[in-house]
Amino acid sequence: MKKHKICFIYNPISGTRKSGRFDELIRHNLDLDKFDYAIKETKSPKDATRLASVAAQEGFDIVVASGGDGTINEVVQGIGNSPLMLGIIPMGSGNGLARHLEIPLEADKAVKVLNKMNTRTIDIATINGYPFASIAGLGFDARVANKYRKLKKRGFYGYFRVVTREFFSYREREYTLTFNDQKITRKALLLSIANSNQFGYNTVIAPTARVDDGLLDIVIVKKFPVGELPRMIGLLFTGKIDQSPYIESFKTKEIFVVRKRGKRVNIDGEAIKMGNEIFIRIQLAAIKVIV
């Protein structure tokens, strides 16, 4: 039986394992009768994109993003239109896409998922041509992502501190949205464009979003009183945020957004600079993921 060629792109900053220990993780859990493997470690930002592109050129069948949602995003960019399948070993903090796809968060179990070679074809979205697999966000969402990336120590409690600290000073911003033959203007705390259902940590911002339904979920969150914050957090963690009167949501295949203020967007957990005119669209059945 011909073996599959599998390339692990490992982000050591996302995980807690050193290179040697990561190799040990793979050797002990990957079915070596089915796979020949290589491990490529990222050294700098965008390295995962370059390494995934090289893997496609070198004839690999599968590339595995071993890191957080940001690493997955870079790998997806590198895969592009190639026939490479995507695997995921969730080693980040939030691990939003892995949670949505129900990939085990334990690294050894995630490697064993690869052995079964069960795949799910998912959509990918683009924002001004920049691909994302999970969620893009404007407004408060982007502010939090930008502040969070500067923390020396990441994790849920660091993320929670940033959210609560920034919430009090952040003011609503105005957005004009054109989609589904309609044009609306809203003032909002944040605007989420969701392919999957959550930011990470099981904070579900778009409860009905699915990565293979051919649609984007547009979620508008209005600024709410401070006293509502505990209830809003509870609704996020229970997947019921759409029950809040401060939420408005739509489904569409593409959307054009114009904002008056703001210079960043949150793309799969990374704060990226972008202009005030933003076009987002879905790409149907763009990539196969091993689940």
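Please refer to the structure higher up on the page.
Bear in mind the structure is a predicted one, so any value in this text is a computation, not a measurement.

Colleague: Is there a simple way to explain the overall build of the chain in this structure?
Modeller: For the chain, the count of helices and strands is eight helices and 16 strands. Dimensions of the chain along its principal axes, counting C-alpha atoms only, are 60 × 40 × 30 Å. Put simply, the chain has 291 residues, and 52% of those count as buried. Of the contacts made within the chain by residues no fewer than 6 positions apart, 69% connect residues no fewer than 24 positions apart.

Colleague: Please explain unusual backbone geometry as it appears in this structure.
Modeller: In terms of backbone geometry, most residues other than glycine have negative phi values and most peptide bonds are trans. Positive phi outside glycine occurs at Tyr-201, with the angle close to 55°. Locating Tyr-201 in the fold gives a position in the loop between strand E10 (190-194) and strand E11 (216-221). Owing to a relative accessible area of 13%, Tyr-201 belongs among the buried residues under this scheme. At Ala-285, a residue that is not glycine, the phi angle is positive and equals roughly 45°. Inspection of the secondary structure assignment puts Ala-285 in strand E16 (residues 277-290).

Colleague: Could you clarify how one ought to interpret the layout of surface pockets in this entry?
Modeller: If you roll a probe as big as a water molecule over the atoms, it shows you where there is empty space left. Within this model, the largest pocket holds a volume of roughly 1,100 Å³. Forming the walls of the largest pocket are 42 residues, and the residues nearest its centre are Gly-70, Thr-71, Arg-154, Gly-269 and Glu-270. Among the elements that line the lining of the largest pocket, the one with the most residues is helix H3 (residues 69-79), at six residues. Among the residues forming the lining of the largest pocket, the class breakdown is 15 nonpolar, 18 polar and nine charged. If you add up the space inside the second largest pocket, you get close to 200 Å³. Gly-139, Ala-142, Arg-143, Asn-146, Lys-147, Tyr-170, Arg-173, Tyr-175, Arg-259, Gly-262, Lys-263 and Arg-264 are the residues that line the second largest pocket. In terms of residues, the lining of the second largest pocket owes the most to one element, helix H6 (residues 140-148), which gives four residues.

Colleague: Could you clarify how one ought to interpret the nonpolar core in this entry?
Modeller: Judged by nonpolar contacts, the single largest core of 50 residues is most densely connected at Ile-127, Leu-177, Leu-191, Val-257 and Ile-280. In terms of residues, this core owes the most to one element, E11, which gives five residues. Beyond its immediate sequence surroundings of up to four residues, Ile-280 is in contact with Thr-126, Ile-127, Phe-132, Ile-193, Leu-216, Lys-253, Glu-254, Ile-255 and Val-257. Judged by nonpolar contacts, the second largest core, of 45 residues, contains Cys-7, Ala-55, Ala-98 and Ile-287.

Colleague: Mind showing me how you'd approach the packing of aromatic side chains here?
Modeller: Both the distance between ring centres and the angle between the ring planes are used here to describe each pair of aromatic rings. Summed over the entire model, instances satisfying the criterion amount to 15 aromatic pairs. Aromatic pair Phe-8 and Tyr-37: ring centres 6.2 Å apart, planes at 80°, arrangement edge-to-face. Residue Phe-8 is located in strand E1 (residues 4-10), and its partner Tyr-37 is located in strand E2 (residues 35-41); the two are separated by 29 residues in the primary sequence. The exposure class of Tyr-37 is partly exposed, given its relative accessible area of 25%. Measuring from centroid to centroid gives 5.5 Å for Phe-140 and Tyr-170, while their planes differ by 65°, and the two rings are edge-to-face. Of the two residues, Phe-140 is situated in helix H6 and Tyr-170 in the loop between helix H7 (156-167) and strand E8 (173-179); the sequence distance between them amounts to 30 residues. Tyr-170 matches Phe-140 in its accessibility class, with the two residues each being buried. Just above the ring of Phe-60 sits the side chain of Lys-5; from NZ or CZ to the centre is 4.7 Å. Across the ring face of Phe-167, the terminal group of Lys-223 is positioned such that the distance to the ring centre comes to 4.8 Å.

Colleague: Please explain the pattern of salt bridges as it appears in this structure.
Modeller: Close approach of charged atoms allows side chains of opposite charge to pair. A full pass over the atoms with the stated rule returns twelve salt bridges. Salt-bridge contacts for Lys-251 lead to Asp-217; the nearest nitrogen and oxygen are separated by 2.8 Å. A residue pair is termed long-range when its members are at least 10 positions apart, and Lys-251 in strand E12 (residues 247-252) and Asp-217 in strand E11 qualify at 34 residues. Asp-217 gets classed as buried once you look at its relative accessible area, which sits at 4%. Each of the salt bridges in this network shares a partner with another, and the network as a whole consists of Arg-143, Arg-165 and Glu-166.

Cut-offs used in this document
Residues numbered from 1 in each chain as written. Predicted model: local features only at pLDDT ≥ 70, side-chain atom pairs only at ≥ 80, totals over all residues. Heavy atoms only, no water. Helix = DSSP H or I, 4+ residues; strand = E, 2+ residues; numbered from the N terminus. Buried < 20%, exposed > 50% of the residue type's maximum accessible area, 1.4 Å probe, protein only. Contact = heavy atoms within 4.5 Å. 1 Å grid on protein atoms, 1.4 Å probe; cavity = no way out; pocket = protein on both sides within 12 Å on 5 of 7 lines; lining within 4 Å. Points joined across faces, edges and corners; volume = space filled by probe spheres on them. Nonpolar A, V, L, I, M, F, W, Y, C, P; charged D, E, K, R; others polar. Core = buried A, V, L, I, M, F, W, Y, C linked by side-chain atoms within 4.5 Å. Phe/Tyr/Trp six-rings, centres within 6.5 Å; stacked < 30°, edge-to-face > 60°. Lys NZ or Arg CZ within 6 Å of the ring centre and 35° of its normal. Salt bridge = Lys/Arg side-chain N within 4 Å of Asp/Glu carboxyl O.

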